Amino acid sequence: MSDSEVILAISGLQSAFKSRSGSVRAVRNLNFNIGAGKTLALVGESGSGKSVTSLAIMGLLPQAGYIAGGSVIYKNRSGELIDLTQQNAAQMRKIRGREIAMIFQEPMTSLNPLFSIGDQIGEMLLLHTDLNTAARQAKVIEMLELVEIPAAASRFHDYPHELSGGMRQRVMIAMAMILKPALLIADEPTTALDVTIQAQILDLMRRLQKELNMAILFITHDMGVVAEMADEVAVMYAGEIVEQAPVQQLFKNPSHPYTQGLLKSIPGASGIIRSEDGKLQAIPGSIPMLNAMPEGCSFGPRCASFTSGCESSVEMKATDPLHWVRCRRTGENAYV
């Protein structure tokens, strides 16, 4: 990917949280780029650091959290390169919504129950444009129609509790997209939805991405959704990326034992690795606590092929120019 195409370039990003026993690193040395019109899926189990990464990009880490190192370079509409980690709160407020937008994981808790959906979507226009009240309302209704909410004009004054889960998620998408951002961060946008509504939401996001040539960081633990949405995949475990590759290549040739374990857990998928008896397999154990990380490979305690050599630090290495893996046994089917 050429530099002119890159919308977001993350280099050496580290996020940490203060605790009574000292600081703990939740995100460690992250590196990835996202190009215009492309989707990078950031995948992994709950607790792997995916949402913390998105909050670090948006400048929304909780009070105990902070950026401990690295850079997040964003190329704005004017072509200016901005390090988001160096922006103050006022500067980030100008960027959020207009340049970079986010769809949060649970719409019912992200939407304010005391305000109508029209007012909440329109707040983006109030903060970032000079449109009058009538023009803002017309723009909001137009956006509600774009995300395929029926009877959009009459829904303008509805409150979040009056909408279904799928409708609320469409409202979140409308809110994120109304200013046509260059980058959209979608944090588990379909987790709480049934399969039919999930497919509709994914189709909607693909269509809007194509219309706006928008870059998407798609955060999920669902490898089936990744297969549908992503151009490139970064697999995250215990705060670091353990494998990164174009989506087809990663599904065809998963090289890290954690990635192999994730793919073995997809029901009904074909063309991916399986256990010898063809059954789904669970990955034993759980993600380590941030204040009790193992020496060397973070996945070591859960890996069936762990050896003494895995106790030393493991760097990312390329199996080919587009496929990078953090495993000393790269190229082997280690998860057996």
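Calculation rules
- Residues numbered from 1 in each chain as written.
- Predicted model: local features only at pLDDT ≥ 70, side-chain atom pairs only at ≥ 80, totals over all residues.
- Heavy atoms only, no water.
- Helix = DSSP H or I, 4+ residues; strand = E, 2+ residues; numbered from the N terminus.
- Rg over C-alpha atoms; globule rule 2.2 N^0.38 Å.
- Contact = heavy atoms within 4.5 Å.
- Areas by Shrake-Rupley, 256 points an atom, 1.4 Å probe, with all protein chains shown as cover.
- Lys, Arg positive; Asp, Glu negative; His and termini not counted.
- Charge placed at Lys NZ, Arg CZ, Asp CG, Glu CD.
- Pairing = 2+ DSSP bridges.
- Axes fitted to C-alpha atoms, helices over the stretch in contact; angles between N-to-C directions.
- Polar contact = N/O pair within 3.5 Å; in protein donor to acceptor, adjacent residues only side chain to side chain.
- Disulfide = S-S within 2.5 Å.
- Buried < 20%, exposed > 50% of the residue type's maximum accessible area, 1.4 Å probe, protein only.

Brief notes about the overall build of the protein
Right, on to step 1. The helix and strand inventory of the protein stands at 11 helices and 12 strands.
Right, on to step 2. For 336 residues, the compact-globule estimate of 2.2 N^0.38 gives 20 Å, and the C-alpha radius of gyration of the protein, at 21 Å, lies within 12% of that figure.
Right, on to step 3. Structurally, the protein occupies a C-alpha span of about 70 × 45 × 40 Å along its principal axes.
Right, on to step 4. Pairs at least 24 apart in sequence give 65% of the contacts found in the protein among residues at least 6 apart.
Right, on to step 5. Total accessible area on the protein stands at roughly 15700 Å², and carbon and sulfur atoms take up 51% of it.
Right, on to step 6. In the protein, 30 positive and 33 negative side-chain charges are present, and the distance between their average locations comes to 2 Å.

Comments concerning the sheet that holds strand S4 (residues 65-75)
Right, on to step 1. Taken in spatial order, the 4 strands of this open sheet run S2-S1-S4-S5, and their pairing is antiparallel. The open sheet is flanked by strand S2 (22-35) and strand S5 (81-83), the only strands paired with a single partner. Pairs of neighbouring strands in the sheet enclose a mean axial angle of 5 degrees, with direction left out of account.
Right, on to step 2. For S4 and S5, the ladder comprises 3 bridges, and the chain directions are antiparallel. Counterpart to Lys75 in the pairing with S5 is Leu81.
Right, on to step 3. Its contacts with the sheet put helix H1 (residues 50-58) on strand S1 (6-19), S2 and S4, and the angle it makes with S1 is roughly 110 degrees.

Looking at the side chain of Glu240
Right, on to step 1. Turning to its location among the elements, Glu240 is positioned in strand S10 (residues 240-246).
Right, on to step 2. A distance of 3.2 Å separates polar atoms of two side chains, one belonging to Glu240 and the other to Ser298.

A word on the state of the cysteines
Right, on to step 1. On inspection of all chains with the given rule, the structure shows 0 disulfides.
Right, on to step 2. There is no disulfide at Cys310, and the cysteine sulfur nearest it, in Cys297, is 6.0 Å away.
Right, on to step 3. Its relative accessible area of 8% is what places Cys310 among the buried residues.
Right, on to step 4. Its sulfur unpaired, Cys327 is 6.3 Å from the next cysteine sulfur, which belongs to Cys297.
Right, on to step 5. Residue classification places Cys327 among the buried residues on the basis of a relative accessible area of 9%.

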